[in-house]
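Here's the letter readout for the chains.
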Amino acid sequence: MDLLVVGAGLFGLTVAQRCASELGLRVTVIDSRPHPGGNAWSTRDPETGIEVHRYGSHLFHTSNDRVWTYVNRFTGFTDYRHRVYTVHRGEVFPMPINLGTINQFFRSAYGPDQARALIAAQAADEAQATGGTPDESLESRAVSLIGRPLYEAFIRGYTAKQWQTDPAHLPASVISRLPVRYNYDNRYFGDTHQGLPVDGYGAWIERMIDHPSIDLRLDTDFFADGPFGRAATRGRVPIVYTGPIDRYFDHAAGRLGWRTLDFETTIEPVGDFQGCSVMNYADADVPYTRIHEFRHLHPERQHSPDATVVAREYSRFATDSDEPYYPVNSPADRDRLLRYRALATAEPQVKFGGRLGTYRYLDMHMAIASAFTLVDTELVPKFYPGRRMIAVNRNGGTG
């Protein structure tokens, strides 16, 4: 074994695949779960034949040409374009907020310029009412961008359910931006490349690890005794660690905060439950944040006419026994993370990466791109000193 990769998510598998196929390394990949792929794993439901995303709907999208070329080595992609809707007070609206949402909500027929003027006036009214300077809360930032009416309808309740916290008490950094489209485009993503793997995520992931120099070990805990555990490998073999960074250091600087998701999955005795793949529920009195109906992710497939699989999604703060999904990233968390990064510099044989290892939320394409960077800038020089590193241009190509 030349390299141990801890975690078989897309970051870890990309590292393993490239190191095995391009660098000729013998790579062992371990994961505590019974399957590879991390949260992107999907399988066919045995009763209905519908492909179910076991950790919520995963939609692949990227404008990074290098990432797109890479993933197409393992799978073809459908032309699926993700569209989301949200229920507010018993009425369904298109999301993200666009001209259709605005006109439906205000019972109007505004053109783009009229809608812009309306939202600007509502944001200005709020600024005047609060003294002109928004505070550092999510609520204040959101209202300053889209006005009070749209915020109360579509952002406040949904965000409170996601974070179990009043948005007035959440930092503004939680929302880096709040897009409003002044046209009727309700495609959720604007990336150049979008789609879903033709044969599912499971098939894609299995092709990634189908290499004679990759040894995949599932149901294997890095923190347990054994030949691939921390005690047996630390300092003896180079490691790419993609688990929680605080867990690696035995929470020496305290526990980092995460949110987790629970899914209540049922088979409904109808051919179509909600008419779309994802329906959000914006109101606080509905306990779940959204419902996934997986048959709509692959409209090109033939599905059962009298049964469908749906999953209600609930959000809460993670405990030690939960799967962490999203970093809370509070000021205390950021302070702890700086201490963990300092500890990591004293572990030259260990490279920390991925969503959990860096305490950053990463979409799938971002995880793959981050793995490229680790291989190009850290692992190539380590195993092959003097080899020219791959330069990545702004559009994701190489040069």
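The rules behind these values
- Residues numbered from 1 in each chain as written.
- Predicted model: local features only at pLDDT ≥ 70, side-chain atom pairs only at ≥ 80, totals over all residues.
- Heavy atoms only, no water.
- UniProt positions renumbered as here; feature names shortened; annotations may be inferred.
- Pairing = 2+ DSSP bridges.
- Helix = DSSP H or I, 4+ residues; strand = E, 2+ residues; numbered from the N terminus.
- Phe/Tyr/Trp six-rings, centres within 6.5 Å; stacked < 30°, edge-to-face > 60°.
- Buried < 20%, exposed > 50% of the residue type's maximum accessible area, 1.4 Å probe, protein only.
- Lys NZ or Arg CZ within 6 Å of the ring centre and 35° of its normal.
- Contact = heavy atoms within 4.5 Å.
- Salt bridge = Lys/Arg side-chain N within 4 Å of Asp/Glu carboxyl O.
- 1 Å grid on protein atoms, 1.4 Å probe; cavity = no way out; pocket = protein on both sides within 12 Å on 5 of 7 lines; lining within 4 Å.
- Points joined across faces, edges and corners; volume = space filled by probe spheres on them.
- Nonpolar A, V, L, I, M, F, W, Y, C, P; charged D, E, K, R; others polar.
- Axes fitted to C-alpha atoms, helices over the stretch in contact; angles between N-to-C directions.

- With an unreviewed UniProt entry as reference, the protein is termed UDP-galactopyranose mutase, source organism Nakamurella multipartita.
- Per UniProt, the comment on the protein under Sequence similarities (unreviewed entry) is "Belongs to the UDP-galactopyranose/dTDP-fucopyranose mutase family."
- Turning to the protein, the UniProt record has this under Cofactor (unreviewed entry): "FAD".

Thoughts on the sheet that holds strand E12 (residues 278-281)
Across a sheet, paired strands are connected by hydrogen bonds in the backbone, their directions being either parallel or antiparallel.
Part 1: With mixed pairing, the seven strands of this open sheet are ordered in space as E7-E6-E12-E13-E14-E11-E15. In this open sheet, the two strands that pair with only one neighbour each are strand E7 (91-95) and strand E15 (326-327).
Part 2: Examined bridge by bridge, strand E6 (residues 84-88) and E7 share five bridges and lie antiparallel to one another. Residue pairing for E7: Val84 is matched across the bridge by Met95.

A short note on the packing of aromatic side chains
Describing an aromatic ring pair means giving the distance of the ring centres and the angle of the ring planes.
Part 1: For the coordinates displayed, the defined rule picks out 28 aromatic pairs.
Part 2: Consider the rings of Phe77 and Trp204, whose centres lie 5.8 Å apart with planes at 75°: the pair is edge-to-face. Residue Phe77 is found in the loop between helix H2 (65-71) and E6, and its partner Trp204 is found in helix H7 (residues 201-208); the two are separated by 127 residues along the sequence.
Part 3: Judged by relative accessible area, Trp204 falls into the buried class, the value being 0%.
Part 4: Taken together, a centroid distance of 4.9 Å and an interplanar angle of 85° make the contact between Phe105 and Phe106 edge-to-face.
Part 5: Taking relative accessible area as the criterion, Phe105 reaches 23% and is therefore assigned partly exposed.
Part 6: Counting every residue linked through ring pairs, the aromatic cluster contains Phe222, Phe223, Tyr241, Tyr248, Phe249, Tyr340 and Phe352.
Part 7: The ring of Tyr55 has Arg33 lying over it, and the distance from NZ or CZ to the ring centre is 4.5 Å.

Considerations on the side chain of Thr233
Part 1: In this structure, Thr233 sits in helix H8 (residues 230-233).
Part 2: For Thr233, a relative accessible area of 2% corresponds to the buried category.
Part 3: With sequence-adjacent residues up to four places away left out, Thr233 is seen in contact with Leu4, Phe222, Pro227, Phe228 and Ile239.

Describing the pattern of salt bridges
Part 1: Taken as a whole, this structure holds 26 salt bridges when the rule is applied.
Part 2: With a shortest N-O distance of 3.0 Å, Arg18 and Glu22 are connected by a salt bridge. Placement of the pair is Arg18 and Glu22 together in helix H1 (residues 10-22), with a separation of four residues, close to one helical turn.
Part 3: With a relative accessible area of 35%, Glu22 lands in the partly exposed category.

Section: empty space enclosed by the protein
Part 1: One pass over the full model with this rule turns up one cavity of 30 Å³ or more.
Part 2: Taken together, Leu59, Phe60, His61, Tyr80, Arg81, His82, Phe189, Gln194, Gly195 and Leu196 make up the lining of the largest cavity.
Part 3: Every element with two or more residues in the lining of the largest cavity is listed here: strand E5 (60-62) and strand E8 (193-195).
Part 4: For the lining of the largest cavity, the per-class residue count stands at five nonpolar, four polar and one charged.

Concerning the packing of H1 against H7
To characterise two packed helices, one gives the angle between the axes of the helices and the distance between these axes.
Part 1: The contact between H1 and H7 brings their axes to 10 Å, and the two run at 30°. Every residue of H7 that contacts H1 at Leu10, Leu13, Thr14 and Gln17 is listed here: Trp204, Ile205 and Met208.
Part 2: Its residues assigned to classes, the contact of H1 with H7 shows five nonpolar, two polar and no charged.

Side note on the sheet that holds strand E1 (residues 3-6)
Part 1: Taking strand neighbours across the sheet as the criterion, the five strands line up as E9-E2-E1-E10-E16 in an open arrangement whose pairing is parallel. In this open sheet, the two strands that pair with only one neighbour each are strand E9 (214-217) and strand E16 (350-352). Within this sheet the neighbouring strands show an average axis-to-axis angle of 20°, counted without direction.
Part 2: Looking at chain direction, E1 and strand E2 (residues 27-30) are connected through four bridges and run parallel. Bridge assignment links Val5 to a residue of E2, and that residue is Val29.
Part 3: Docked against the sheet, helix H12 (residues 364-383) engages E1, strand E10 (239-241) and E16, running at close to 160° with respect to E16.

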